[in-house]
Amino acid sequence: EVPWFPRHISEIDRFAKNILNAGSNLSSDHPGFNDPIYRTRREELTSIAQSYSFGESIPYISYTSEEIKTWGTVYSKLHHLHQSFACEEFLRIIPQLEKHCGYGVHNIPQAQDISDFLKQQTGFQLRPVAGLLSSRHFLNGLAFRTFFSTQYIRHPSRPFYTPEPDI
């Protein structure tokens, strides 16, 4: 018997809420595990992803000043490293992401803006997700040119480490 797989992009909704870990359930070794403010914020952002359905606009997030500061710390470090280590294609596209999606040290880009840009440039789109998906579900999304992304930011105590992907 062949296991179920999506035949239409809208059917991604059937598995996109089935995360393996992360989301608002943090493991005890996560930098934000003992931070009640961070955990509350994660719950807020993961609930937004959990309530998203195909065809809706991705909700815009009002990021906090601390989240923007953490983003800026990571963005600055990586921006410096890009010149030495990033491939030509990345170096060519990052100025466009800065111009059209708001990538920058002082601004976290919105998933909908990134999705619109990707759709125009590549045919791919973003879909918010609360945490890590199985490889099978992640690849099923890619079959429909859908890339899953969380909307939360890593914990500020360790900006250069995160046990799971953030935006």
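See the structure above.
Here the structure is a predicted model, which is why all the values come from computation and not from measurement.

Enquirer: Can you lay out unusual backbone geometry for me, pointing to particular residues and giving the numbers?
Expert: Notably, Arg 145 is not glycine yet its phi reads approximately 55°, a positive angle. On the secondary structure map, Arg 145 appears in the loop between helix H5 (135-143) and strand S2 (146-149).

Enquirer: So what about the pairing of S2? Which residues, and what values?
Expert: In terms of strand pairing, strand S1 (residues 125-128) meets S2 through 4 bridges, oriented parallel. In the sheet register, Arg 127 faces S2, and the bridge partner there is Phe 148. A crossover links S1 with its parallel partner S2, the connecting element being H5, and its sense is right-handed.

Enquirer: Any details on the state of the cysteines? Residues and values, ideally.
Expert: In this structure the tally under the stated criterion is 0 disulfides. There is no disulfide at Cys 87, and the cysteine sulfur nearest it, in Cys 101, is 17 Å away. For Cys 87, a relative accessible area of 41% translates into the label partly exposed. Classification of Cys 101 as buried rests on a relative accessible area of 4%.

Conventions adopted
Residues numbered from 1 in each chain as written. Predicted model: local features only at pLDDT ≥ 70, side-chain atom pairs only at ≥ 80, totals over all residues. Heavy atoms only, no water. Helix = DSSP H or I, 4+ residues; strand = E, 2+ residues; numbered from the N terminus. Pairing = 2+ DSSP bridges. Right-handed = clockwise from strand over helix to strand, strands pointing away. Disulfide = S-S within 2.5 Å. Buried < 20%, exposed > 50% of the residue type's maximum accessible area, 1.4 Å probe, protein only.

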